[in-house]
Amino acid sequence: PRGRRPLRRRLPLLPLLLLAAGGLRAAERSGGSSSAMEELATEKEAEESHRQDSVSLLTFILLLTLTILTIWLFKHRRVRFLHETGLAMIYGLIVGVILRYGTPSTSGHDKPFSCSQEDRPFTTLLVNVSGKFFEYTLKGEISPGKIHNVEQNDMLRKVTFDPEVFFNILLPPIIFHAGYSLKKRHFFRNLGSILAYAFLGTAVSCFIIGNLMYGVVKLMKLVGQLSDKFYYTDCLLFGAIISATDPVTVLAIFNELHADVDLYAVLFGESVLNDAVAIVLSSSIVAYQPTGENTHAFDAAAFFKSVGVFLGIFSGSFMMGAVTGVVTFTKLHCFPLLETALFFLMSWSTFLLAEACGFTGVVAVLFCGITQAHYTYNNLSVESRSRTKQLFEVLHFLAENFIFSYMGLALFTFQKHIFSPVFIIGAFVAIFLGRAAHIYPLSFLLNLGRRHKISWSFQHMMMFSGLRGAMAFALAIRDTATYSHQMMFSTTLLIVFFTVWIVGGGTTPMLSWLNIRVGVDPDQDPPPTNDSFQQESAWLFRLWYSFDHNYLKPILTHSGPPLTTTLPSWCGLIARCLTSPQVYDNQEQLREEDSDFILNDGDLTVTYGDTTITANGSSGPHTKNPWTLLTVLVCDKQQTSN
């Protein structure tokens, strides 16, 4: 009996082993099939994501195509009440409504996880799901009240771009084109007024809007419409953002109607430099960090530090852009395609280099464009000159209309909108008062030193032309992490809509009502009446121009007089080494672009050899003096030979 008990116990083990072996095989088969199913599901998700990416990009391509076709129709019918940017916004709104209310949710609800042990958010998270690690990136903070309202539509998520796309890809060609296509003649004739409106005007507008909006915020808190923190520095930041003007609609109509060239130059110059000042000003406000417990109280040390940051960033960005523009040499005349490509890459790298060094790319690429138009453009081959102008004009057109299309789309696809009627109304009143508070007082101060005053009609037109556009939108969308910034972004979006549609559409009637002359030849000097700006020919600028034409142009370009004729005789060896050989071949062919810098006829003269030619075309004998301050003008070969 003792020998049978072990046998009885072992007999049931055989079928158990067989069953276990079969179970292991079945588990392996089921595990393999589940893994294959997971891989198949992952591939399908990747395929669906790729399809949605293609659809989102196709949406913007179709928007731009539709905008272009409508622009052609409007130009054919001579319709001026709505600009192309307004059209792009309308089409963006229509597509945004379709995507918001016409497409179903395609993803499940997100499940929140608690990380109570951590005291700060992480940029990247690795989540272990059943032994597999998945990477998640930070998109931003969500208030507890909106945790169940997170966007569940994958398509709407796809058409929401990273704000850095606007700064690093779309803004550089817009800003560079503004500097590269600058009409130097009228810009520098009104340089004093442009600098006053751009620097002093933007600073005044920023602080007036900021203080008025702080009062609005206090009112909102009093009536119980403020649900989170909104500091004084946030109000100043909003003032800097919304002070960035972009009268693209007005300027386009001015250009089409050939409105007064000096008014066009002042508005264009103010808007270009104003964008640069606004972005540096916003960076300075963000850098304002008082010491102590209350980080939002006024601190004199922090204030002066912010002023230093403003001056440092602006001057550093200016120097970087100017130096990069000067050193952009191209020796590829025989290969225009390579020459144009190198020019394009050098221009774009200026923006990224400034951002990487802690400066402002907008300021750097603006002055890079101005410098390259003045120096590098003269070194390009004839074909490359045409190609670069057309290339940047097309990129500017597409980027600008893309941004305005996205504005219309963002009104319905952006997830973090906060609309406050009190804040919106207060913002409209504040920007009106801020614009008026610097246009009229600065015009009064500028008129004190003018023979020909800035007329009231010009002042009213400048007041009317304070549109907001791409720069204000890009600055507002760059940071939408907090409650105050989300409210600022939503309000900025509505302000851009209103100014582009209403103010832009009323430009033509306003020109007629103010009796501002149109149909003006841009190369013709305006008559000396009260409706024209004074031609500002300061001695400092004339001195700089003479130095630039006599010494910098021969070194950096193939134009201008040879250094052997402008430097003393004992510098002959240095002059021959630094002067480009092409300068000697171009002595009879004065650069037409340089004539843009001539301020007033008869003010400046050009000297070659023993002949002096004034700006009005008269010539006569002249004793050769290498230290004579030279300037350039366009003259024909007959005058030169005389």
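Scroll up to find the structure.
Residues numbered from 1 in each chain as written. Predicted model: local features only at pLDDT ≥ 70, side-chain atom pairs only at ≥ 80, totals over all residues. Heavy atoms only, no water.

Asks: Describe the packing of helix α15 (residues 421-447) against helix α16 (residues 456-464), with residues and values.
Replies: Relative to each other, α15 and α16 sit at 150 degrees, their axes nearing to 10 Å. In terms of orientation, α15 lies roughly antiparallel with respect to α16. Crossing angle aside, the handedness with which α15 passes α16 is right-handed. Judged by residue contacts, F432, R435, A436, I439, Y440, S443 and N447 of α15 engage W456, Q459, H460, M462 and M463 from α16. The residue makeup of the contact of α15 with α16, split by class, is 7 nonpolar, 4 polar and 1 charged. (Axes fitted to C-alpha atoms, helices over the stretch in contact; angles between N-to-C directions. Helix = DSSP H or I, 4+ residues; strand = E, 2+ residues; numbered from the N terminus. Parallel < 35°, antiparallel > 145°, perpendicular 65-115°, else oblique. Left-handed = near helix turned anticlockwise from the far one by under 90°. Contact = heavy atoms within 4.5 Å. Nonpolar A, V, L, I, M, F, W, Y, C, P; charged D, E, K, R; others polar.)

Asks: Go over the packing of helix α10 (residues 261-286) against helix α13 (residues 361-379), please, and point to the residues and values.
Replies: Relative placement of two packed helices is described by the angle separating their axes and the distance separating the axes. Where α10 meets α13, the closest approach of the two axes is 8 Å, and the angle between their N-to-C directions is 155 degrees. The orientation of α10 with respect to α13, classified from their angle, is roughly antiparallel. In terms of crossing hand, the pair formed by α10 and α13 is left-handed. Contact residues: α10 offers V272, L273, A276, I279 and V280, while α13 offers V362, V363, L366 and F367. Residue composition of the contact of α10 with α13, by class: 9 nonpolar, no polar and no charged.

Asks: Could you give me a rundown of the pairing of strand β2 (residues 132-137), with the residues and numbers involved?
Replies: With 0 of its 6 residues buried, β2 lies for the most part at the surface. As paired elements, strand β1 (residues 124-129) and β2 share 6 bridges and run antiparallel to each other. Considered in β2, the bridge of V129 is made with K132. Between β1 and β2, which follow one another and run antiparallel, lie 2 residues, and S130 among them has a positive phi close to 55 degrees. (Buried < 20%, exposed > 50% of the residue type's maximum accessible area, 1.4 Å probe, protein only. Pairing = 2+ DSSP bridges.)

Asks: Help me get a handle on the pattern of salt bridges, residues and values and all.
Replies: For the coordinates displayed, the defined rule picks out 6 salt bridges. Residues D260 and R517 are paired through a salt bridge, measuring 2.9 Å at the closest nitrogen-oxygen approach. Here the residue D260 occupies a position in the loop between α9 (248-257) and α10, and R517 occupies one in the loop between α19 (507-513) and α20 (539-556), the gap between them amounting to 257 residues. Owing to a relative accessible area of 1%, D260 belongs among the buried residues under this scheme. (Salt bridge = Lys/Arg side-chain N within 4 Å of Asp/Glu carboxyl O.)

Asks: Residues and numbers for helix α5 (residues 163-180), please.
Replies: Here α5 contains 18 residues, and its C-alpha end-to-end distance of 25 Å stays within 8% of the 26 Å for a straight helix at 1.5 Å per residue. At L171, α5 shows its maximal kink, close to 50 degrees; a proline, P172, follows between one and four residues later. α5 sits mainly inside the fold: 13 of its 18 residues count as buried. (Expected span 1.5 Å × (residues − 1). Bend = angle between axes of the 7 residues up to and from the residue.)

Asks: Got a sec to walk through a nonpolar patch on the surface? Specific residues and values, please.
Replies: Taken together, the side chains of F122, L125, V129, F134 and Y136 present a nonpolar region at the surface, about 430 Å² in accessible area. Secondary structure elements with two or more residues in the nonpolar patch: β1 and β2. Looking at where F134 falls in the secondary structure, it is placed in strand β2. (Patch = residues over 30% accessible without salt bridge, like charges linked within 9 Å, V, L, I, M, F, W, Y side chains within 5 Å. Areas by Shrake-Rupley, 256 points an atom, 1.4 Å probe, with all protein chains shown as cover.)

Asks: I'd like a description of the packing of aromatic side chains, backed by residues and values.
Replies: One pair of aromatic rings is described through two measures. These are the centre distance and the angle between the planes. If you walk through the whole model with that rule in mind, you get 29 aromatic pairs. Between Y214 and Y232 the ring centres are 5.1 Å apart and the planes differ by 85 degrees, which places this aromatic pair in the edge-to-face class. Of this pair, Y214 sits in helix α7 (residues 191-223) while Y232 sits in helix α8 (residues 232-242), and the two are 18 residues apart along the sequence. Of the residues examined, Y214 reaches a relative accessible area of 28% and is grouped as partly exposed. Here Y440 and W456 contribute two aromatic rings whose centre-to-centre distance is 6.1 Å and whose plane-to-plane angle is 35 degrees, an arrangement assigned as tilted. (Phe/Tyr/Trp six-rings, centres within 6.5 Å; stacked < 30°, edge-to-face > 60°.)

Asks: Summarise the nonpolar core; cite the residues concerned and give the values.
Replies: Generally speaking, soluble globular proteins have nonpolar side chains that are buried together. Among the nonpolar cores identified, the biggest contains 129 residues, and M213, F238, F254, F404, F423, M461 and F473 are the most heavily contacted of them. For this core, the element with the most residues is α10, which contributes 14 residues. Setting aside its immediate chain neighbours within four residues, M461 contacts V250, F254, L263, T507, M510, L511, L514 and I516. Grouped together as the second largest cluster of nonpolar side chains are 5 residues, L563, L567, C571 and A575 included. (Core = buried A, V, L, I, M, F, W, Y, C linked by side-chain atoms within 4.5 Å.)

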